[in-house]
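# A structural walkthrough
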Amino acid sequence: MQNISNYDFAGKKAIVRVDFNVPLDGDFKITDDTRIRAAIPTLKKVLEKGGSLIIMSHLGRPKGPADKFSLKHIIYRVEELLGAKLQFCEDCMKADAQAAALKPGEVLLLENLRFYAEEEGKPRGLAEDATDEMKKAAKAEVKEKQKDFVKKLASYADCYINDAFGTAHRAHASTALIAKYFPNDKMFGYVMEGEIKAIDTVLGSPERPLTAILGGSKVSSKIGIIEHLLGLVDNMIIGGGMVYTFAKAKGGKIGNSLCEDDQIQLALDIMKKAEEKCVKLYFSDEVVAADAFDNNANTMLCRATEIPDGWEGVDAAPASVEIFKDVLMKSKTILWNGPVGVFEMPNFAKGTNAIAGILKEATEKGAFTLVGGGDSVAAVTQMGYADKVSYVSTGGGAMLEYLEGIELPGIKAIRE
Ligand code: AMP
């Protein structure tokens, strides 16, 4: 398959979709440049091979053009990291002349694609009382305009690279639709390649035992992943707020713990399905309970099924973590998504931080470990283990959908 290592970029213009959606402070200074740094190897490779770059991205969620969301704020950092000067086009639909004049080694950054509704293909500014018919008409209108938008972007370049894994689950103009204009000249960038390889290592033919450790607040938001993974893993560890819906389903007392009463039947079905598939399910049976949802609340250790009234489960207790450790250290492949406690409160982050440490140890022992999702990534990063696990995924929503077995539009568009 075509890729940036085997493609001949000499004298060619590459339009590259990156994820420069970085957090900015009140003075428009970048507070975390991870995403920019991630895109640099792909950008450098094109320049090294004699190509020129047209870089496109979104930043934030603008409803139209707005200085606050301008990509001009991040130019300084891209220039520092790339070691090249950037030209900037303030309107991504008016870059014809600048793109045409690009010489090998030169770089043009287009303004935030989401200044145009056409990027996402969703109508904007609809009145609150708009009827279904009006909504349908507005959608049809923006979809029609989107065709010209995509065509214009494609007209700037000779080849297309998608390196924005964070938006690969969206069928947007720049992430998927544009690919059809480059049937023989489209490819993934290194970020996308790395993400796909890491997830496929887990979902494809992993070394076994394969263990998934899933945390987070709600069963309902993880159900797609749980169901898909039940057909693949040997062990599944469930932690975090999800535990109490299962505990209640088992007939336990859960006090004030987080619970989705409408998911209790589903919890029972999951447990049955795990048994049928011979997947070993582990829950944080021993938990830290607190008498308020507060970092300074009184705490005690108890069983997840025996939480007194007025108390709520907030973290996996050390005894649970020990059991998890035993399973994880025997695993050859591990996937971790979601915290096993209320990670935002330092007193209840201990279980989650301990898991980060166990993954580091398991990696040292030779396991392939993949970490994804905001809080789990934050935990390994804060503990200083981001480079001590096998792979840290950059795409929250995209990774979750991939793990559910959904073919991501951004991936499909390059492959088909
Ligand atoms: P998610 O976005 O579904 O991955 O869930 C992450 C959230 O789950 C974090 O904000 C955690 O604070 C929350 N969480 C984890 N464990 C618990 C718990 N025992 N009770 C309430 N919230 C929790």
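Conventions adopted
- Residues numbered from 1 in each chain as written.
- Predicted model: local features only at pLDDT ≥ 70, side-chain atom pairs only at ≥ 80, totals over all residues.
- Heavy atoms only, no water.
- Helix = DSSP H or I, 4+ residues; strand = E, 2+ residues; numbered from the N terminus.
- Rg over C-alpha atoms; globule rule 2.2 N^0.38 Å.
- Buried < 20%, exposed > 50% of the residue type's maximum accessible area, 1.4 Å probe, protein only.
- Domains from an automatic or database assignment.
- Buried area = accessible area lost by both parts, 1.4 Å probe.
- Salt bridge = Lys/Arg side-chain N within 4 Å of Asp/Glu carboxyl O.
- Polar contact = N/O pair within 3.5 Å; in protein donor to acceptor, adjacent residues only side chain to side chain.
- Nonpolar A, V, L, I, M, F, W, Y, C, P; charged D, E, K, R; others polar.
- Core = buried A, V, L, I, M, F, W, Y, C linked by side-chain atoms within 4.5 Å.
- Contact = heavy atoms within 4.5 Å.
- Near = heavy atom within 4 Å.
- Areas by Shrake-Rupley, 256 points an atom, 1.4 Å probe, with all protein chains shown as cover.
- Lys, Arg positive; Asp, Glu negative; His and termini not counted.
- Pairing = 2+ DSSP bridges.
- Axes fitted to C-alpha atoms, helices over the stretch in contact; angles between N-to-C directions.

A separate point is the overall build of the protein chain. Across its full length, the protein chain carries 14 helices and 17 strands. For the protein chain, the C-alpha radius of gyration of 24 Å lies close to 22 Å, the compact-globule estimate for 416 residues. Considering only C-alpha atoms, the protein chain reaches an extent of 70 × 55 × 45 Å along its principal axes. Buried positions account for 53% of the 416 residues belonging to the protein chain.

We now examine the domain arrangement of the protein chain. Annotation of the protein chain at the domain level lists domain 1 (13-188) and domain 2 (196-403). Centre-to-centre, using C-alpha coordinates, domain 1 lies 35 Å away from domain 2. Between domain 1 and domain 2, the buried area comes to about 590 Å², and carbon and sulfur atoms account for 73% of it. The largest share of the area that domain 1 buries against domain 2 comes from Phe-165, His-169 and Phe-188, three residues that together contribute 76% of it. Across the domain 1-domain 2 interface, the total number found is zero salt bridges. At the boundary of domain 1 and domain 2, one finds zero residue pairs in polar contact (both at pLDDT 80 or more). Residue classes in the side of domain 1 that touches domain 2 are distributed as three nonpolar, two polar and two charged.

The biggest cluster of nonpolar side chains holds 75 residues, and the ones touching the most others in it are Ile-15, Leu-110, Leu-153 and Phe-165. For this core, the element with the highest residue contribution is helix 6 (residues 190-203), accounting for seven residues. Taken together, domain 1 (13-188) and domain 2 (196-403) each give at least three residues to this core, which thus spans both. Not counting residues within four places of it along the chain, the set of residues in contact with Leu-153 comprises Ile-15, Met-56, Cys-92, Met-93, Leu-110, Leu-113 and Ile-178. Core analysis: the second largest hydrophobic core is formed by 32 residues, Leu-43, Val-46, Leu-47 and Ala-84 among them.

All right, on to the site of the ligand then. As a structural note, the neighbourhood of the ligand is formed by 16 residues, with Ser-217, Lys-222, Gly-313, Gly-341 and Glu-344 the closest of them. Here Gly-241 contributes a backbone N or O atom positioned 3.1 Å from a nitrogen atom of the ligand. In the environment of the ligand, a nitrogen atom lies 3.4 Å from a nitrogen or oxygen atom belonging to the backbone of Gly-341. A total of 500 Å² of accessible area belongs to the ligand in isolation, and the protein chains cover 79% of it. Here the residues of the shell around the ligand are counted per class, giving six nonpolar, seven polar and three charged.

What follows covers the side chain of Lys-13. Relative to the assigned elements, Lys-13 resides in strand 1 (residues 13-17). No salt bridge is formed by the buried Lys-13; its nearest oppositely charged neighbour, Asp-158, is found at 5.3 Å. Those residues in contact with Lys-13, other than ones at most four positions away along the chain, are Ser-52, Ile-54, Ala-99, Ala-100, Leu-102, Tyr-156, Ala-157, Asp-158 and Cys-159.

This part takes up the sheet that holds strand 12 (residues 299-303). Pairing within the open sheet is antiparallel, and its three strands lie in the order 12-11-14. Single-partner strands in this sheet number two, and they are strand 12 and strand 14 (312-316). Between one strand and the next, the sheet's axes are offset by a mean angle of 45 degrees, whatever the strand orientation. The sheet contact formed by strand 11 (residues 286-290) and strand 14 spans four bridges and is antiparallel. Looking across to strand 14, one finds that Ala-290 is bridged to Glu-312.

One pass over the full model with this rule turns up 21 salt bridges. Taking the shortest distance from any N to any O, the salt bridge between Asp-67 and Lys-72 comes out at 2.5 Å. Taking the relative accessible area as the measure of exposure, Lys-72 reaches 39% and is therefore partly exposed. Salt bridges sharing common partners tie together Asp-33, Arg-37, Arg-77 and Glu-80.

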